[in-house]
Structures are given as structure tokens and as C-alpha cells.
Amino acid sequence: MAPLRLHASCVALDPGRAVLILGPSGAGKSQLALGLMALGAHLVADDQVELRGAGVALIASAPPAISGMIEARGVGLLGAEALPQAEVKLVVDLAQIETERLPPLRQTVLLDRCIPLVLRLQHGHLEVAILQWLKGGRVA
């Protein structure tokens, strides 16, 4: 199966723990990725992400032409040491706002794989919540 290319960003703590960030243009995908990078995550891809299945895993990588680059709106394209690929463990959808304090475990399906889903938060702690999710998972 050919890779699926999405308008998205992806960062990872290590090759086995990545978050795929979805949303329309201007939603803050690169901003969220930069915030996570400032907290220790590594760039996988910005603006375009290629996804492919590998067994039960969903693997993200950057198209070669944009590998190692991330856009900082109003600043320009920035260089970043990038992981060549990483396994997506979480998807964040910035197009939808979470309205529940303790939301149900949401999932999305990409390339026939169910991946946990988190929506945009209204209270400004999305970066740290995602970072902890990647470190420890969701308990309930």
C-alpha cells in the first residue's frame, strides 16, 4: 500500500512514541509541534507527513524535500534535527474542541489502525498533557 500523505505535523519523544497533529491551515499545528520540541520532543515532519503501516504500527516520516524543517509563522522556516521516522501513538485534532473535563477515550482510524485521539483543549495545557500522555499513556 502506498504511503498516505497528510497536511499535518508530527513530533516524537523517541522513534516509538510520536504524536500526529491534524488541523486546517492556521490551526496551530506547527506552533504545537514547536512547543513540544521546546519540551524535549524531536521533529519528525512538519506541514506534510507520510504515513505507512508496518504490522500493527502506524509509522510517520517526512517527505525528503522538507525533512528537518519546521515553519515558525512570522519567523520563517527553521532547521531541526529530525527523526527519520516514528511510530504514531496519539493523534491530536486541532479542528475540534474538547468540551468535557474527563472525556471518553476517543480514537481515530488511519490506514486501518485505531489510534487514540485528543481534541484541542480550551485551557492552554495541551503541550504538557500530550507530553505526559506520550510518557505514561492514559490511565482511564
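Going by the structure above, here's the rest.
Conventions used here
- Residues numbered from 1 in each chain as written.
- Predicted model: local features only at pLDDT ≥ 70, side-chain atom pairs only at ≥ 80, totals over all residues.
- Heavy atoms only, no water.
- Disulfide = S-S within 2.5 Å.
- Buried < 20%, exposed > 50% of the residue type's maximum accessible area, 1.4 Å probe, protein only.
- Helix = DSSP H or I, 4+ residues; strand = E, 2+ residues; numbered from the N terminus.
- Contact = heavy atoms within 4.5 Å.
- 1 Å grid on protein atoms, 1.4 Å probe; cavity = no way out; pocket = protein on both sides within 12 Å on 5 of 7 lines; lining within 4 Å.
- Points joined across faces, edges and corners; volume = space filled by probe spheres on them.
- Nonpolar A, V, L, I, M, F, W, Y, C, P; charged D, E, K, R; others polar.
- Axes fitted to C-alpha atoms, helices over the stretch in contact; angles between N-to-C directions.
- Parallel < 35°, antiparallel > 145°, perpendicular 65-115°, else oblique.
- Left-handed = near helix turned anticlockwise from the far one by under 90°.
- Salt bridge = Lys/Arg side-chain N within 4 Å of Asp/Glu carboxyl O.

## With respect to the state of the cysteines
Applying the stated criterion across every chain, the model contains zero disulfides. Here Cys10 is not cross-linked by a disulfide; its sulfur's nearest cysteine counterpart is in Cys114, at 18 Å.

## A short note on helix 1 (residues 29–38)
Counting buried positions over the ten residues of helix 1 gives seven, a clear majority of the element. Taken as a whole, helix 1 has its buried residues at Lys29, Ser30, Leu32, Ala33, Gly35, Leu36 and Met37. Lining the buried residues of helix 1 we find strand 2 (8–14), strand 3 (17–22), strand 4 (42–45), strand 7 (69–72), strand 9 (86–97) and helix 2 (126–136). In the stretch just after helix 1, Gly40 is the one whose phi turns positive, near 115°.

## Brief notes about the layout of surface pockets
The calculated volume of the largest pocket comes to roughly 600 Å³. Lining the largest pocket are 27 residues; nearest its centre among them are Arg101, Pro103, Leu121, Ala129 and Arg138. Elements represented by at least two residues in the lining of the largest pocket include exactly strand 11 (113–120) and helix 2. For the lining of the largest pocket, the element with the most residues is helix 2, which contributes five residues. When the residues that make up the lining of the largest pocket are grouped by side-chain class, the tally is 16 nonpolar, six polar and five charged. Each pocket or cavity is described by its volume, and for the second largest pocket that value is around 270 Å³. Broken down by element, the lining of the second largest pocket gets its largest block of residues, three residues, from helix 1. Looking at the lining of the second largest pocket residue by residue, the class counts come to two nonpolar, six polar and five charged.

## What about the packing of helix 1 against helix 2?
Packing of helix 1 against helix 2 brings their axes to within 9 Å, and their N-to-C directions diverge by 60°. Classified by the angle between their axes, helix 1 and helix 2 sit oblique to one another. Where helix 1 crosses over helix 2, the two elements pack in a sense that is right-handed. Here Leu32, Gly35 and Leu36 of helix 1 lie close against helix 2, whose contacting residues are Leu126, Glu127, Ile130 and Leu131. Taken together, the residues of the contact of helix 1 with helix 2 sort by class into five nonpolar, one polar and one charged.

## Focus: unusual backbone geometry
Here Leu111, not a glycine, exhibits a phi torsion of approximately 50°, which is positive. Locating Leu111 in the fold gives a position in the loop between strand 10 (106–110) and strand 11. Positive phi outside glycine occurs at Asp112, with the angle close to 65°. As for its placement among the helices and strands, Asp112 is situated in the loop between strand 10 and strand 11.

## Topic: the pattern of salt bridges
Enumeration over the complete set of coordinates arrives at five salt bridges. A salt bridge links Arg17 to Asp14; the shortest N-O distance between them is 2.6 Å. For Asp14, a relative accessible area of 24% puts it in the partly exposed group.

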